[in-house]
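Residues per chain, in single letters:
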Amino acid sequence: MNPTGSSAIDVTNLACGYGETIVLKDISFAVAPREILFIIGGSGCGKSTLLRCLMGLSVPIHGTVAYFGRSFTGSDAADRRSLLKTFGILYQGSALWSSMTVAENVSLPLEENTSLSRSDREAVVAYKLEEVGLTAASGLYPSELSGGMKKRAALARALALDPVILFLDEPSEGLDPITSREMDHLIGEVRETTQVTMLIVSHQLSSIFRLADRVLVLDQASKGIIAEGAPATLAASSTDPRVHEFLRQDIPGAHDSKELPALVNTSR
Ligand SMILES: Nc1ncnc2c1ncn2[C@@H]1O[C@H](COP(=O)(O)OP(=O)(O)O)[C@@H](O)[C@H]1O
Ligand SMILES: [Mg+2]
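Below you will find a few notes about this structure. (Residues numbered from 1 in each chain as written. Chains lettered and ligands numbered in written order. Predicted model: local features only at pLDDT ≥ 70, side-chain atom pairs only at ≥ 80, totals over all residues. Heavy atoms only, no water.)

**Structural notes on unusual backbone geometry**
Keep in mind that most residues, glycine aside, have a negative phi and that most peptide bonds are trans.
Argument step 1. At Ser94, a position not held by glycine, the phi torsion is positive, near 75°.
Argument step 2. Mapped onto the fold, Ser94 is located in the loop between strand 6 (87-90) and helix 3 (102-113).
Argument step 3. Phi is positive for Asp162, which is not a glycine, with a value near 50°.
Argument step 4. Relative to the helices and strands, Asp162 resides in the loop between helix 5 (147-159) and strand 7 (165-169).
Argument step 5. We classify Asp162 as exposed; its relative accessible area is 56%. (Helix = DSSP H or I, 4+ residues; strand = E, 2+ residues; numbered from the N terminus. Buried < 20%, exposed > 50% of the residue type's maximum accessible area, 1.4 Å probe, protein only.)

**Things to note about the coordination of the magnesium ion (ligand 2)**
Argument step 1. Every protein donor of the magnesium ion (ligand 2) is accounted for by Ser48 (OG) and Gln92 (OE1), and the metal-donor separations fall at 2.1 to 2.4 Å. Here Ser48 is found in helix 1 (residues 47-54), whereas its partner Gln92 is found in the loop between strand 6 and helix 3, with 44 residues between them in sequence.
Argument step 2. Looking at Ser48, the relative accessible area reads 24%, which means it is partly exposed. (Donors = N, O, S within 2.8 Å, 3.2 Å for Na, K, Ca; no water.)

**Quick look at the nonpolar core**
Argument step 1. Counting residues in each nonpolar core, the largest one holds 45 residues, and the members touching the most others are Phe38, Leu155, Leu166 and Met198.
Argument step 2. When neighbours within four sequence positions are excluded, Leu166 is seen to be in contact with Gly88, Leu155, Ala158, Leu159, Val190, Val196, Thr197, Met198 and Leu199. (Core = buried A, V, L, I, M, F, W, Y, C linked by side-chain atoms within 4.5 Å. Contact = heavy atoms within 4.5 Å.)

**Observations regarding the site of ligand 1**
Argument step 1. Residues in close proximity to ligand 1 include Tyr18, Val23, Gly42, Ser43, Gly44, Cys45, Gly46, Lys47, Ser48 and Thr49, which together make up its full environment.
Argument step 2. Here an oxygen atom of ligand 1 sits 3.3 Å away from a polar atom, N or O, in the main chain of Cys45.
Argument step 3. The separation between an oxygen atom of ligand 1 and a polar main-chain atom of Lys47 is 2.8 Å.
Argument step 4. Starting from 560 Å² of accessible surface for ligand 1 in isolation, the protein chains cover 54%.
Argument step 5. The greatest single-element share of the shell around ligand 1, amounting to 3 residues, is contributed by helix 1.
Argument step 6. Taken together, the residues of the shell around ligand 1 break down into 3 nonpolar, 6 polar and 1 charged. (Near = heavy atom within 4 Å. Polar contact = N/O pair within 3.5 Å; in protein donor to acceptor, adjacent residues only side chain to side chain. Areas by Shrake-Rupley, 256 points an atom, 1.4 Å probe, with all protein chains shown as cover. Nonpolar A, V, L, I, M, F, W, Y, C, P; charged D, E, K, R; others polar.)

Take it as geometry only, folks, not as evidence of what the structure does.
Right under this line is the structure:
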């Protein structure tokens, strides 16, 4: 843990997995307040598993996690609950409740975690839906939404409690490039209008270059972090072929996009 408490998130020697299986080990990193940190790496390398450990959905095998200098892994139940209320979570696949309307989905965290009156909850929900451009869809059910609308509803729900930390697991997975750009724009607006710190899992290269202050690259074989830095710096100067391959993956237009830095080999 950072003894000064100046980091939003401090992860120290974390190991996580399932039963006897270790997915990640020796994971240490810190996230500054208001930073947008992307966690990237191939499918199955443990990105969601890491988020689950950080969000308290699974217990780490080893190591510690602290938020703003307060231990999370060593906290008692009451402390843990109060920290959990400061998190906003967009799960991979959105995970909206199919039997609830968009408005009801967004209202649920307010019902469960606040003592707001019904009319106050409705006002908050209306505001959050307006923020993500879903006012007209508030009475629709998830099955009636497009992929992009589902993600936006999930973002509105994640923002319902005005989180201090926002965890987004693949926020633009499965979206076409235009819808994905809209989602990035919304996330950028959240950054501009709040003090939130964000951890985003994504392998959308365009999102990484648009939004990330820093990326952590995870690797399945070594079960750890193989690179860390600003995406443009890593793309330009990492000498690790796994990092290169990832940050220069063959998406249409990747090699002539203005958003991608020129690949300069600075190794001497
Ligand atoms: N609930 C689970 N039980 C057992 N193994 C799991 C579970 N969820 C994921 N795994 C395994 O953990 C590894 C990492 O998965 P995951 O964190 O979902 O990867 P990513 O999000 O990077 O694609 C994979 O080998 C996956 O099969
Ligand atoms: Mg995942």
